[in-house]
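# Overview (structure and organization)
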Amino acid sequence: MKNGLFFLAYCMLSLVFACCQQTKWPPLQEPTSTLYVAALAPFYHGVASGDPLADRVILWTRVTPATSLPEIKVNWQVATDSTFVSVYTAGETSTGPEKDYTVKVDASGLKPGQTYFYRFQALGTYSAVGKTKTLPTDNPQNISLAVVSCSNWEFGYFNAYAALAKEPIDAVVHLGDYIYEYQKGGYGDTTLNRKHIPEREIVSLQDYRLRYAQYHLDAGLREARSKIPFICIWDDHEVANNVYTTGAQNHQPDEGDFESRKNAARQAYYEWLPIRENKEHYRSFTYGNLLDLIMLDERLAGRTKPADSLADPTLISESQTMLGTEQLQWLKQNLINSKAQWKIIGNQVIFAEIEQSKVFPKAPKNLDSWDGYPFEQKSIRDFIKNTPIPNVVFVTGDTHASWAIQIREENNKNLAVELGTTSISSSNWNEYESDSAVIEKEKILISQNPQIVYGNARDHGYLYVRISAETLVAEWRYVKTNKEINPETFTGKKISIAPKTLSISELAD
Ligand SMILES: [Fe+2]
């Protein structure tokens, strides 16, 4: 009997221990393993770099063990040559299930404006070699950026990432919707064999981790991340559609506590992307005296719930904020302090005022964009005008369409320019209606908004921006298809922006 009681107590203790283990370290589940390329083991998700500064850069990888391990030792190396004859700096770190086996190193002591190669070693194997570049401190002649947004796994292959990986680019500026939270078939092309994993709408930490794992198994994204440093901000779908600090359009009460979901989404984002973690996500990058890149967080730092309609009195209230007091002040201080010729603002949603009643009669203004936050929108406009701040260019994602917009003062003088990048793969307007119907809508929207210089809501791709002291050239590069793997692109539009006057000229391809 005594032995029986002892055995029962032992079993119960074992069960409690097993449950605790389950809670703390979930067993290694890799439902995405059908997408693995065996030759990349155990670094199936490739390597990446991001948030470059003049003396440091974040290096990233993920080690996927064959079975759950509590800790994996990881060595890393940074070299000035791709064969690692000249190792410049190296170190050791570790990973484990508490960070989903992701690895992040802030490699410091680097020289400004230098190209470096890096790699990892774990479980007796070397990773693929990655390439990255630190920020210059002097007067660079040219800086090139690829501006991207809205990569949805289910809508197609990430050919645009594969294409931009071939360009001579200093950094990829990702304006968000890096993943989508929807369930299988919830928002995608169901005729393609690209189904979301997990199949449910993602809500928990494990869900978000798994979705990032899946997206990073696209060969195009893996290629781009290994070749070019990424500078990323989140938009809404990294948490849920139309998210703000205290809720989201696509978060329902039966999906649990919103704060827990937001924290899970944020944790997985920081684990899977090469980002330097700070209290706030907004941050800036200085490319000598040529460019300041100011990245805003328009979702989780200070955004209040959007107004329901144009008649909603909260719309015009001072307390209706996109950035919040602290971030707005930070933005203005950055603009005042900038010594750079060009100030590019990494912006998630359209900043310019747009009247869309003739195209979308039920939504004459997009209240999820800056038009839904007119107090802060005007405050920034007035600040640029009155200070004055020259050469401000907004780069914007979110709309799954391409735009060049001349933001003007009341007297018609140019105040700033806004360049919208199309989606990597998320639905353009012609996913649901014919090209000719969309072309007609583009024409109507432009005629209603003469500030729009260029609009295209039919093509996927990226925005290629080449910056020099004399001009900023913007080129919209589109993929021929994303329904099969094919990184061929064509140039849809090319413009130049003159400093001071901010006048826009069309360039031949
Ligand atoms: Fe999007």
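Residues numbered from 1 in each chain as written. Predicted model: local features only at pLDDT ≥ 70, side-chain atom pairs only at ≥ 80, totals over all residues. Heavy atoms only, no water.

The next subject is the sheet that holds strand β18 (residues 402–408). The mixed open sheet is built from 7 strands, whose spatial order is β14-β15-β16-β17-β19-β18-β20. In this open sheet, the two strands that pair with only one neighbour each are β14 (283–287) and β20 (452–456). Neighbouring strand axes in the sheet, compared pairwise and without regard to direction, differ in orientation by 20° on average. The pairing of β18 with β20 spans 4 bridges and is antiparallel. Bridging from a neighbouring strand, Ala404 pairs with Tyr454 of β20. (Pairing = 2+ DSSP bridges. Helix = DSSP H or I, 4+ residues; strand = E, 2+ residues; numbered from the N terminus. Axes fitted to C-alpha atoms, helices over the stretch in contact; angles between N-to-C directions.)

Taking 1.5 Å as the rise per residue, helix α5 (residues 258–272) with 15 residues should run 21 Å; its terminal C-alpha atoms sit 21 Å apart, in good agreement. Burial in α5 covers these residues: Phe258, Arg261, Lys262, Ala264, Ala265, Ala268, Tyr269, Tyr270, Glu271 and Trp272. (Expected span 1.5 Å × (residues − 1). Buried < 20%, exposed > 50% of the residue type's maximum accessible area, 1.4 Å probe, protein only.)

Further remarks concern the coordination of the iron ion. Within the protein, Cys150 (SG), Asp177 (OD), Tyr180 (OH) and His400 (NE2) serve as the donor atoms for the iron ion, at 2.1 to 2.5 Å. Of note is the iron ion, whose 4 donor atoms meet at the metal with angles of 85 to 170° in an arrangement that counts as irregular. Read in sequence order, the donor residues coordinating the iron ion give the pattern C-x26-D-x2-Y-x219-H. Here Cys150 is found in the loop between β9 (143–148) and α2 (159–164), whereas its partner Tyr180 is found in the loop between β10 (171–174) and α3 (205–215), with 30 residues between them in sequence. For the pair Cys150 and Tyr180, a shared accessibility class is recorded, and that class is buried. (Donors = N, O, S within 2.8 Å, 3.2 Å for Na, K, Ca; no water. Tetrahedral: all angles 85-135°; square planar, octahedral: opposite > 155°, others 65-115°.)

When the domains of the protein are assigned, the result is domain 1 (29–135) and domain 2 (220–286 + 393–506). The straight-line distance from the C-alpha centre of domain 1 to that of domain 2 is 28 Å. Listed by partner, the interface residues are 29 residues for domain 1 and 20 residues for domain 2. Between domain 1 and domain 2 the total buried area reaches about 2,000 Å² when both faces are included, carbon and sulfur atoms providing 52% of it. Three residues stand out in domain 1 for area buried against domain 2, namely Asp51, Trp60 and Lys104, and they jointly supply 30% of the buried area on that side. (Domains from an automatic or database assignment. Contact = heavy atoms within 4.5 Å. Buried area = accessible area lost by both parts, 1.4 Å probe.)

This brings us to the nonpolar core. Core analysis: the largest hydrophobic core is formed by 49 residues, its most contacted members being Tyr161, Leu164, Tyr208, Val239, Tyr269 and Tyr462. Broken down by element, the residue count for this core peaks at 7 residues, all from α5. Apart from the residues lying within four places of it in its own chain, the contact partners of Tyr269 are Tyr212, Cys232, Ile233, Trp234, Glu238, Ile275 and His281. Membership of the second largest hydrophobic core comes to 34 residues, among which are Leu135, Val147, Phe285 and Ile467. (Core = buried A, V, L, I, M, F, W, Y, C linked by side-chain atoms within 4.5 Å.)

Any two side chains of opposite charge can pair, so long as their charged atoms come close to each other. The full count for this structure, using the stated rule, is 36 salt bridges. Here Asp218 makes a salt bridge to Arg194, at a shortest N to O gap of 3.1 Å. One end of the pair, Asp218, is in the loop between α3 and α4 (219–227); the other, Arg194, is in the loop between β10 and α3, and 24 residues separate them in sequence. Judged by its relative accessible area of 5%, Arg194 is buried. One network of salt bridges, with partners in common, ties together Asp55, Arg56, Asp106 and Arg276. (Salt bridge = Lys/Arg side-chain N within 4 Å of Asp/Glu carboxyl O.)

A few words on the pairing of strand β22 (residues 472–479). Where burial is concerned, most of β22 is hidden: 8 out of the 8 residues are buried. Burial along β22 is two-sided: Leu472, Ala474, Trp476 and Tyr478 facing one way and Val473, Glu475, Arg477 and Val479 facing the other are all buried. Joining the antiparallel neighbours strand β21 (residues 461–467) and β22 is a turn of 4 residues. As paired elements, β22 and strand β23 (residues 489–497) share 8 bridges and run antiparallel to each other. Each bridged residue has a counterpart across the sheet, and for Val479 the counterpart in β23 is Thr489.

Let's shift gears to the side chain of Asn152. On the secondary structure map, Asn152 appears in the loop between β9 and α2. Reaching out from Asn152, the side chain makes a polar contact with the backbone oxygen of Tyr187 at a distance of 3.4 Å. The contacts of Asn152, once residues within four sequence positions are left out, are Phe158, Tyr180, Tyr187, Tyr215, Ser425 and Ser426. (Polar contact = N/O pair within 3.5 Å; in protein donor to acceptor, adjacent residues only side chain to side chain.)

Attention shifts here to the packing of helix α6 (residues 325–337) against helix α7 (residues 374–386). Where α6 meets α7, the axes come as close as 11 Å, and the angle between the chain directions of the two elements is 15°. Judged on the interaxial angle alone, α7 and α6 are roughly parallel. Along this stretch, α6 crosses α7, giving a crossing that reads as right-handed. Residues Leu328, Leu331, Lys332, Leu335 and Ile336 of α6 form the contact with α7, whose own contacting residues are Glu376, Ser379, Ile380 and Phe383. (Parallel < 35°, antiparallel > 145°, perpendicular 65-115°, else oblique. Left-handed = near helix turned anticlockwise from the far one by under 90°.)

Here we come to the side chain of His460. The residue His460 is located in the loop between β20 and β21 in this model. Since its relative accessible area comes to 9%, His460 is described here as buried. In terms of polar contacts, His460 uses its side chain to reach the side chain of Asn428, at 3.1 Å. Once residues within four sequence positions are removed from consideration, His460 is found in contact with Thr422, Ser423, Ile424, Ser425, Ser426, Ser427, Asn428, Glu431, Arg477, Tyr478, Val479 and Asn482.

On to α7. Every α-helical turn comprises 3.6 residues, leaving residues that sit three or four positions apart pointing alike. A rise of 1.5 Å per residue sets the reference length of α7, with its 13 residues, at 18 Å; its end C-alpha atoms lie 18 Å apart and thus fit the reference within 8%. All buried positions along α7 are accounted for by Glu376, Gln377, Ser379, Ile380, Arg381, Phe383 and Ile384. Buried residues along α7 sit in contact with α6, β17 (392–396), β18 and β19 (414–420).

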